[in-house]
Amino acid sequence: DYLVKPFSGRELRARVRTHLELARARREGAESRLKDVFLGLASHELRTPLTGLKLNVQLCQRELAAQGSPLATRLAGLHRSIDRMTRLVNDMLSVSAITEGKLTIHTTRCDLGQICRDAANELIQVSHRALVLDLPDAPVPVVADADRLGQVVANLLSNAIKYSAPDRPVKLTLRVEGHEEGIVRVEDAGPGIPVDALPHIFDRFYRVPTIGVQSGSYVGLGLGLFLAKAIVEQHRGRIWVESAVGKGSTFAFAIPLAGAMGR
Ligand code: ADP
């Protein structure tokens, strides 16, 4: 019913603001600025119907499962697609927040190992790919926004899965180095990234032209790595990539440990 609901005054005002902002962006003539404005608007517009969709699918799924209908499994698949879309829309919203200088992080003391484990489990559920995990048993304490860092790990894992063939291994490692930093590494044996693309890899909207973009084989907006970098830097951390064409890529980030450097 959210699809046919008439606009409220607030929505109408938002739409007028939309047009004004788009017109300003067009006058400014900057392609990225236009994309930024569109991104903000599109993501806000997509979020509400997605939430409604998810709730209703959940409801139907429960009802059908109670009746023992085989359709319940189909709806479970639909549910996963909605989760994937929700993640994409959340990335779009976060990128919007960054470009408007409004990305906020809410830090608490948490375990970087648990953040990695949760993100890996989520990705395993969605992609049905086996991941190789090499995580310490002991907690790796950091002062961080667990949701945001989880978003970073999930983005790196989902790229590693997306850009490498289904039979290639994807490995997630966490190490404590020098009692100062927790270092998370996501390693794949995918296509690798050409040297001339490396300096741009964390730019927003950037996608490596030689990696299936033209053929449309891989869906994406070129936002995940930009977002990952912004989030890691908000945590006073570093992010980098090592890659060789034909061999694979390792994306890594380092977060200061809680207690290190006066934290
Ligand atoms: P998206 O994947 O949505 O395009 P990202 O910002 O996550 O956006 O990645 C930017 C680009 O970097 C991708 O389009 C792809 O060309 C390249 N890339 C990212 N991760 C990998 C990877 N693991 N292996 C090869 N190329 C990658």
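Criteria and thresholds
Residues numbered from 1 in each chain as written. Predicted model: local features only at pLDDT ≥ 70, side-chain atom pairs only at ≥ 80, totals over all residues. Heavy atoms only, no water. Near = heavy atom within 4 Å. Polar contact = N/O pair within 3.5 Å; in protein donor to acceptor, adjacent residues only side chain to side chain. Areas by Shrake-Rupley, 256 points an atom, 1.4 Å probe, with all protein chains shown as cover. Helix = DSSP H or I, 4+ residues; strand = E, 2+ residues; numbered from the N terminus. Core = buried A, V, L, I, M, F, W, Y, C linked by side-chain atoms within 4.5 Å. Buried < 20%, exposed > 50% of the residue type's maximum accessible area, 1.4 Å probe, protein only. Contact = heavy atoms within 4.5 Å. pLDDT = per-residue confidence, 0-100. Pairing = 2+ DSSP bridges. Axes fitted to C-alpha atoms, helices over the stretch in contact; angles between N-to-C directions.

Q: How should the site of the ligand be read in this particular structure?
A: Around the ligand, the structure places 19 residues, and the nearest of them are Asn 159, Tyr 163, Asp 188, Arg 207 and Leu 225. Tyr 163 places a side-chain nitrogen or oxygen 2.7 Å from an oxygen atom of the ligand. At 3.2 Å, a backbone N or O of Gly 224 approaches an oxygen atom of the ligand. Here the ligand has 530 Å² of accessible area as a free molecule, and 97% of this is covered by the chains. Mapped by element, the contributors of at least two residues to the shell around the ligand are α5 (146-163), α6 (224-234) and β7 (248-256).

Q: What's the story with the nonpolar core in this structure? I'm lost.
A: Inside soluble globular proteins, nonpolar side chains tend to come together where they are buried. Core analysis: the largest hydrophobic core is formed by 52 residues, its most contacted members being Leu 157, Leu 172 and Phe 253. Among the elements that line this core, the one with the most residues is α5, at 8 residues. For Leu 172, the residues in contact, after removing those within four places along its chain, are Cys 116, Ala 120, Val 132, Leu 133, Asp 134, Leu 135, Val 153, Leu 157, Val 184, Arg 185 and Val 186. Within the second largest apolar cluster, 8 residues are counted, among which are Leu 50, Ala 72, Ile 82 and Leu 93.

Q: For this particular structure, what's the right way to read the confidence of the model for the chain?
A: Low-pLDDT stretches of the model should not have their predicted coordinates read in fine detail. Here the chain averages 87 in pLDDT, while 91% of its residues score no lower than 70. Here the complex is predicted with pTM 0.81, and the ipTM for its interfaces comes to 0.99.

Q: So what exactly am I meant to see when it comes to the sheet that holds β7 here?
A: Sheets are built from strands that pair by backbone hydrogen bonding, the pairs being arranged parallel or antiparallel. Within the open sheet, the 5 strands sit side by side as β2-β4-β5-β7-β6. Their pairing is mixed. One side of each edge strand has no neighbouring strand; the edge strands of this open sheet are β2 (132-134) and β6 (238-244). In this sheet, adjacent strand axes meet at a mean angle of 15 degrees when their direction is disregarded. Here β2 pairs with strand β4 (residues 170-177) via 3 bridges, running parallel. From the neighbouring strand, Val 132 faces β4, where its bridge partner is Lys 171. Here α5 sits on the sheet in contact with β4, β5 (181-188) and β7, set at roughly 170 degrees to β7.

Q: How should unusual backbone geometry be read in this particular structure?
A: Even without a glycine there, the phi angle at Phe 205 is positive, about 70 degrees. Note on placement: Phe 205 falls in the loop between β5 and α6. Accessibility expressed as a relative area gives 17% for Phe 205, which makes it buried. A positive phi angle is found at Arg 236, which is not glycine, with a value near 55 degrees. Its place among the elements puts Arg 236 in the loop between α6 and β6. By relative accessible area, which is 58% here, Arg 236 ends up exposed.

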